[in-house]
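A look at the structure
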Amino acid sequence: MIRAILFDLDNTLYPASSGLDREIDRRMTVFTARYLGISEQEAHLLRKTDARRHGTTLQWLREVYGFHDIEEYIVEVHPQNVSSFLSYDPRLAEMLSQLPYPKAILTNSPIEHAERVLECLKVRFYFDAVLDIRFNQFRGKPYPEAYRQAAHMLGTRIEEVLFIDDLPPYLTAFKALGGHPLLVDEEGKHTDVGIPSIPTVLDLPVYLEKITS
Ligand SMILES: [Mg+2]
């Protein structure tokens, strides 16, 4: 039984093909390379391997390299001009307005970025809460506490929450806690992860109808 829905933000509420998340990823690599004094190629590789164990690049830099200028990092890696990447699609607001569940955002991004994106997509109104990386003391997804806190904010138990995200590791961790995971897989790249998927968040009502009927 599903009683609440938890949404990722980047590449979930808007398509990966917008390029916004790719730009953030590029900026994280540039920042990492400069901070560690290595090439961007090396930084990219380390981010996709070593950093993964720490949840986010920021947390990895903090825990392994003693990085502490969190505000500088946040400002530098998140573009102000999200509207250059995103286009407003009225179908998203319409879909959210018709979902009869409490809804929250769980993102590993900072709130400034989340608010810019939600404003650009004109959907902030539909979410009861936006839980960002600071809310989770920089230990966001895939740490169990992040999901527990989110379920608590939604006034329900993890077992009754549907969580929609574009990254399989975050969904696998959620599933391990007993929740209902749903993958947004725009290009159909993850057919082997054992998690149900839809190509776009706009297909959420169809999916819900299928599993609740
Ligand atoms: Mg995402």
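Residues numbered from 1 in each chain as written. Predicted model: local features only at pLDDT ≥ 70, side-chain atom pairs only at ≥ 80, totals over all residues. Heavy atoms only, no water.

Between K141 and P142 the backbone carries a cis peptide bond, its omega angle lying at 5 degrees. Relative to the helices and strands, P142 is located in the loop between β3 (129-131) and α7 (144-153). With a phi angle near 65 degrees, N11 is a residue other than glycine that sits in the positive phi range. Among the structural elements, N11 can be located in the loop between β1 (4-7) and α1 (20-36). Given the relative accessible area of 12%, N11 is considered buried. Positive phi outside glycine occurs at F138, with the angle close to 70 degrees. Structurally, F138 is set in the loop between β3 and α7. On the basis of relative accessible area, F138 is assigned to the buried category, the value being 12%. (Helix = DSSP H or I, 4+ residues; strand = E, 2+ residues; numbered from the N terminus. Buried < 20%, exposed > 50% of the residue type's maximum accessible area, 1.4 Å probe, protein only.)

Octahedral six-donor coordination of a metal ideally yields angles of 90 or 180 degrees, compared with 109.5 degrees for tetrahedral four-donor coordination. Surrounding the magnesium ion are the protein donor atoms D8 (OD), D10 (O) and D166 (OD), at 2.1 to 2.2 Å. Summarised as a motif, the one-chain spacing of the donors to the magnesium ion is D-x1-D-x155-D. Taken individually, D8 and D10 each receive the classification buried, so the pair is uniform in this respect. (Donors = N, O, S within 2.8 Å, 3.2 Å for Na, K, Ca; no water.)

The topology assignment puts D166 in the loop between β4 (161-165) and α8 (168-176). Here D166 is buried and forms no salt bridge, its nearest opposite-charge partner K141 lying at an N-O distance of 6.4 Å. The residues touching D166, leaving out its near neighbours within four places in the chain, are D8, D10, N11, T12, L183 and V184. (Lys, Arg positive; Asp, Glu negative; His and termini not counted. Salt bridge = Lys/Arg side-chain N within 4 Å of Asp/Glu carboxyl O. Contact = heavy atoms within 4.5 Å.)

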